[in-house]
Amino acid sequence: MLVLLPPSETKAAGGDGPPLDLDALSFSELNPLRRKLADALVELAGNVPESLDVLGLSARQEDEVARNAAIWSAPTLPALERYTGVLYDALDYGGLRPAARAKADRRLAVASALFGIARGDDRIPAYRLSGSTTLPALGTLRSLWRPVLEPALAEVDGLIVDLRSGAYAALARIPRAITVRVVTASGRTVSHFNKAYKGKLAAALATATREPATVEGLIGAAERAGITLDRVGEQELELITDR
């Protein structure tokens with residue numbers, strides 16, 4: 001099973017690992033594009049005003065440009081420690097016991113505009129790049145990622161649970177993935193607490209004693225964690241909240 005998480009714009013600073021080594025990352029077939037994108041961000045960072053404009057940042061966010069300038073030299077962290085925010089707070093990767101963390105490393109991956117897919121223990125630096133960005137001379141990230149990311153994900157064995165947000169789902173279509181929509185008991189789509197519930201679901205699936213191999217297994221693993229999933233289609237689930 002592979003659970004695909006959306007990334008976050010906010011990322012933890014620093015790290016305790018060596019600089020980025022693409023050969024150490026999972027999905028090595030993505031490395032040529034990863035390198036091209038990383039080099040493009042470093043080059044773009046040499047022009048701060050242009051970087052701010054391309055990345056959709058304000059003048060107060062020049063530190064994000066500095067992060068991009070240091071992609072190849074900055075220290076790294078495991079992906080599930082690098083990304084921060086509501087979803088990752090709910091996942092609470094740092095609070096997991098070692099055995100549970102090892103499961104999370106295998107079962108969880110983060111959709112990334114820069115790396116395509118980063119498994120939980122892939123060591124990456126802090127950076128700034130959104131899925132909807134168009135890079136000068138390279139084009140849209142969707143046009144760049146789809147030809148290489150879709151075949152890579154097609155080779156993944158077992159279930160794929162797709163929790164990605166729209167901009168990142170657009171980087172690769174996964175026809176066989178199980179999707180999850182967060183709704184209230186009355187069927188109203190949840191927006192404000194969406195990420196928190198997805199983080200809790202990711203934690204439940206990552207740490208389940210038995211790795212789910214079917215949709216029924218997903219529903220059962222969630223239920224044992226106090227999360228209600230309803231099947232509303234062949235590959236569609238709804239997470240029912242109490243809000």
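Just so you know, these numbers come straight off a predicted model, no measurement behind them.

**Overview of the sheet that holds strand S1 (residues 2-5)**
Next up, step 1: Strand order in the open sheet made by the 7 strands is S4-S3-S1-S8-S9-S11-S10, with mixed pairing throughout. Every other strand in the sheet has two partners, leaving strand S4 (116-119) and strand S10 (228-233) as the edge strands with one partner each. On average, adjacent strands in this sheet sit at an angle of 30° to one another, irrespective of strand direction.
Next up, step 2: Pairing geometry for S1 and strand S3 (residues 108-112), over 3 bridges, is parallel. Note that in S3 the partner of Leu 5 across the bridge is Val 110.
Next up, step 3: Sitting on the sheet, helix H7 (residues 141-154) touches S1, S3, S4 and strand S8 (160-162), and the angle it makes with S4 is about 40°.

**Looking at a negative patch on the surface**
Next up, step 1: Taken together, Asp 39, Glu 43, Glu 50 and Asp 53 make up a surface patch of like negative charges.
Next up, step 2: Broken down by secondary-structure element, the contributors of at least two residues to the negative patch are helix H1 (31-45) and helix H2 (48-55).

**Concerning the pairing of S10**
Next up, step 1: Of the strand pairs in this sheet, S10 and strand S11 (residues 236-240) are connected by 5 bridges, and their pairing is antiparallel. Bridge pairing links Gly 233 to Glu 236 in S11.
Next up, step 2: Here S10 hands over to S11 after 2 residues, the two strands then running antiparallel side by side.

Conventions used here
- Residues numbered from 1 in each chain as written.
- Predicted model: local features only at pLDDT ≥ 70, side-chain atom pairs only at ≥ 80, totals over all residues.
- Heavy atoms only, no water.
- Pairing = 2+ DSSP bridges.
- Helix = DSSP H or I, 4+ residues; strand = E, 2+ residues; numbered from the N terminus.
- Axes fitted to C-alpha atoms, helices over the stretch in contact; angles between N-to-C directions.
- Contact = heavy atoms within 4.5 Å.
- Patch = residues over 30% accessible without salt bridge, like charges linked within 9 Å, V, L, I, M, F, W, Y side chains within 5 Å.
- Areas by Shrake-Rupley, 256 points an atom, 1.4 Å probe, with all protein chains shown as cover.
- Salt bridge = Lys/Arg side-chain N within 4 Å of Asp/Glu carboxyl O.
- Lys, Arg positive; Asp, Glu negative; His and termini not counted.
- Charge placed at Lys NZ, Arg CZ, Asp CG, Glu CD.

Treat this as a map of the structure, not an account of what it does.
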